[in-house]
Amino acid sequence: MSLPHAALQGPAQEARSVPNFDAIFAGYSRFAWRAFARLGVQSRDLPDVCQEMFLVVHRKLPEFDPGRGSLRAWVYGICVRVASDYRRRHSNRREAPLDQQPSLAVPAGQDAALQDRRAWSKLARVLGELDAPKREVFVLYELEALPMAEVAAVLQCPVQTAYARLHAARRAVLAAFASGEPT
Amino acid sequence: MSSPRRLLEGDAALPAELASALRGAPGEPGLEQLRELAGSLSAALGVPLPPVAAAPAAATVVAPAAFGVAAAKPLAGLGVWVLGGVALGVGLSGVAGYGSAAFGGPTPAISARPAAAQAVRRAPASAAPAVTAPPLPVEASTAQARAPAVASVASEPAAAEAAPGALPETELSLLRHARAAVASNPAEALRLSSRHAERFPSGLLAQEREVIAIDALVRLGRGDEARARTARFIEQYSGSVHVPRLRELLTRRGGQ
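Residues numbered from 1 in each chain as written. Chains lettered and ligands numbered in written order. Predicted model: local features only at pLDDT ≥ 70, side-chain atom pairs only at ≥ 80, totals over all residues. Heavy atoms only, no water.

## Some thoughts on the overall build of chain B
The helix and strand tally for chain B stands at nine helices and three strands. Order of helices (α) and strands (β) in chain B, N terminus to C terminus: α-α-β-β-α-β-α-α-α-α-α-α. The long-range fraction of contacts in chain B, counting pairs at least 24 apart against all pairs at least 6 apart in sequence, stands at 76%. Surface exposure of chain B reaches about 11,300 Å², of which carbon and sulfur atoms provide 57%. (Helix = DSSP H or I, 4+ residues; strand = E, 2+ residues; numbered from the N terminus. Contact = heavy atoms within 4.5 Å. Areas by Shrake-Rupley, 256 points an atom, 1.4 Å probe, with all protein chains shown as cover.)

Now the structure itself:
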């Protein structure tokens, strides 16, 4: 692949109608909520941030052009930007930027789900320390499981840039989890 | 270039704690959270949203077999119409026709994934590396999509921060208060909309602010100002979904 967007410049897509807002909310509300939580929006702010995002979607929907990209990438793109805006707004707040899970010791083997959440708390801190582009690629690719070409479309960057960001994010994450730092 | 395998898709050297962290990432909202979101959004837009159902909508969700999601059964009888709630509410109650224009077509149920489907993600750490990629919204021809025209989202100035420890005044909270006041105290609504403009000059919800301000002006009998502000709005946001609503508002109240 020599050109960043070569893989994205396929034949003209078949005409697709733009879904109405109801359909978008029905299809994406759960995913938007989840993506915001993974991108660093605190639990208590998720309803408001989701509402802001869907107000933007509602207003911008007439501008969506199916010929220029997928609806999913368009919606995720708005999610990423609203989350970025949120983090900027909250960067000066005197509190942890990300949800902190209870740090109580969990007896081994007692509750795998709680252990997972504690481990996520550590990963969330690591992701919160990454710069935004690396964090966004990691979340979209590793957690949201978007194809890399679509990650690049969401973030409006060349695919190879997205790969580079992913590798950098992975290095940081693996280093943090290899160091044996306490959660 | 083939995509690298995701971390949970077979990297044997993956630290167990990291695998656990990836499995422990936040999931989808619960049914009640989704209903509350639909309720507040419905109030904000001034129109009802379709029922929130507990079952995944097969037409909108990819359900990889690895998750067992396809086997999840819808929970019957949990559909509910959501209306009301406290929210921004730029909708103009009583404006006929808007709903059919902006919300036309079929209204699919809003679904929340059954708990059983999420439980699959909590596989024991000792298990073989599991594909924990969550289901994605269906999108035909997605991989071939070109870079989308993503909405440009501006931010308010960093200076607009609350005192340490206090909940910051957000765009949404400010406009929510403005909207709540517009009928009973339009002067206060107008003041709050002005405050929004000062604090969030490039905010996400500038158009919604203008709708509230124009509504307040009309209610205050300042029709000339309302019409002038509407004209500026239309000039700046000619394709906005709010334009028909503003015209209807001025017509309905006669700009009195």
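## Comments concerning helix H6 (residues 148–155) of chain A
All names here are of chain A. The buried fraction of H6 amounts to eight of the eight residues, a majority that puts the element mostly inside the structure. Of the residues making up H6, those classed as buried are Met148, Ala149, Glu150, Val151, Ala152, Ala153, Val154 and Leu155. Elements in contact with the buried residues of H6: helix H3 (71–90), helix H5 (132–143) and helix H7 (159–178). Glutamine 156, located one to two residues past H6, shows a positive phi value of around 55°. (Buried < 20%, exposed > 50% of the residue type's maximum accessible area, 1.4 Å probe, protein only.)

## Some remarks on the environment of valine 173 of chain A
If you trace the backbone, valine 173 of chain A turns up in helix H7. Taking relative accessible area as the criterion, valine 173 of chain A reaches 0% and is therefore assigned buried. For the pair valine 173 of chain A and valine 126 of chain A, spaced 47 residues apart in sequence, the C-alpha separation works out to 6.5 Å. Contacts of valine 173 of chain A, omitting those with residues within four sequence positions, involve Leu123, Val126, Leu127 and Phe138 of chain A together with Leu18 of chain B.

## Structural notes on the confidence of the model for chain A
In the predicted model, chain A carries a mean pLDDT of 82, and the fraction of residues at 70 or more is 77%. Note that pLDDT drops below 50 for residues 100–104 of chain A; the model gives that stretch six contacts with residues more than four away or on any other chain. (pLDDT = per-residue confidence, 0-100.)

## Re helix H2 (residues 46–60) of chain A
In this model, H2 of chain A (15 residues) spans 21 Å end to end at C-alpha, consistent with the 21 Å of a helix rising 1.5 Å per residue. Counting buried positions over the 15 residues of H2 of chain A gives 13, a clear majority of the element. (Expected span 1.5 Å × (residues − 1).)

## Focus on the packing of aromatic side chains
Residue and element names in this part refer to chain A. Counted by the stated rule, this structure contains four aromatic pairs over all chains. Geometrically, the ring pair formed by phenylalanine 21 and phenylalanine 54 is edge-to-face, given 6.2 Å between the ring centres and 85° between the ring planes. With a gap of 33 residues between them, phenylalanine 21 in helix H1 (residues 21–38) and phenylalanine 54 in helix H2 connect regions that are remote in the sequence. Residue phenylalanine 21 is classed as buried on the basis of its relative accessible area, which comes to 1%. Given the relative accessible area of 0%, phenylalanine 54 is considered buried. (Phe/Tyr/Trp six-rings, centres within 6.5 Å; stacked < 30°, edge-to-face > 60°.)

## Structural notes on the nonpolar core
Among the nonpolar cores identified, the biggest contains 90 residues, and Phe36, Met53, Phe54 and Leu123 of chain A are the most heavily contacted of them. When residues no more than four places from it in sequence are discounted, the contact partners of methionine 53 of chain A are Ala32, Phe36, Val75, Ile78, Cys79 and Val82 of chain A. Ala181, Ala189, Ala213 and Leu249 of chain B belong to the second largest nonpolar core, which has 18 residues in total. (Core = buried A, V, L, I, M, F, W, Y, C linked by side-chain atoms within 4.5 Å.)

## Considering the confidence of the model for chain B
Residues and elements named next belong to chain B. Considering every residue of chain B, the mean pLDDT works out to 64; 52% of them sit at 70 or more. Per-element confidence in chain B is highest for helix H1 (residues 16–23), whose mean pLDDT is 92, and lowest for helix H3 (residues 98–102), whose mean pLDDT is 32. Taken together, the stretch residues 112–133 has pLDDT below 50 and engages in 52 contacts with residues farther than four places along the chain or on a different chain. Low pLDDT, under 50, characterises residues 140–166; the predicted model gives this stretch 73 contacts beyond four residues in sequence or across chains. Interface scoring of the predicted complex returns ipTM 0.81; its pTM is 0.61.

## Some points on the packing of H3 of chain A against H6 of chain A
Residues and elements named next belong to chain A. Two numbers describe how H3 lies on H6: the axes approach to 8 Å, and their chain directions differ by 55°. Classified by the interaxial angle, the pair formed by H3 and H6 is oblique. Along this stretch, H3 crosses H6, giving a crossing that reads as right-handed. Residues Arg72, Ala73, Tyr76, Gly77, Val80 and Arg81 of H3 lie in contact with H6, whose contacting residues are Glu150, Ala153, Val154 and Leu155. Here the contact of H3 with H6 is composed, by residue class, of six nonpolar, one polar and three charged. (Axes fitted to C-alpha atoms, helices over the stretch in contact; angles between N-to-C directions. Parallel < 35°, antiparallel > 145°, perpendicular 65-115°, else oblique. Left-handed = near helix turned anticlockwise from the far one by under 90°. Nonpolar A, V, L, I, M, F, W, Y, C, P; charged D, E, K, R; others polar.)

## Let's talk about the pattern of salt bridges
According to the stated counting rule, one finds 23 salt bridges over all chains in the structure shown. Measuring nitrogen to oxygen at the nearest pair gives 2.5 Å for the salt bridge that ties glutamate 150 of chain A to arginine 72 of chain A. Of this pair, glutamate 150 of chain A sits in helix H6 while arginine 72 of chain A sits in helix H3; the two residues are 78 residues apart in sequence, bridging distant segments of the chain. This pair shows no difference in class: glutamate 150 of chain A is buried, exactly as arginine 72 of chain A is. When the shortest N-O distance is used, the salt bridge between arginine 209 of chain B and glutamate 210 of chain B registers 3.2 Å. (Salt bridge = Lys/Arg side-chain N within 4 Å of Asp/Glu carboxyl O.)

## Notes on unusual backbone geometry
As a rule of thumb, non-glycine residues mostly have phi less than zero, and peptide bonds are mostly trans rather than cis. Residues and elements named next belong to chain A. Unusually for a residue other than glycine, alanine 145 sits at a positive phi of about 60°. Position of alanine 145 among the secondary structure elements: in the loop between H5 and H6. A positive phi is found at glutamine 156, a non-glycine position, where the angle reads about 55°. Considering the arrangement of structural elements, one finds glutamine 156 in the loop between H6 and H7.

## Side note on the environment of leucine 175 of chain B
Inspection of the secondary structure puts leucine 175 of chain B in helix H5 (residues 171–181). Classification of leucine 175 of chain B as buried rests on a relative accessible area of 0%.

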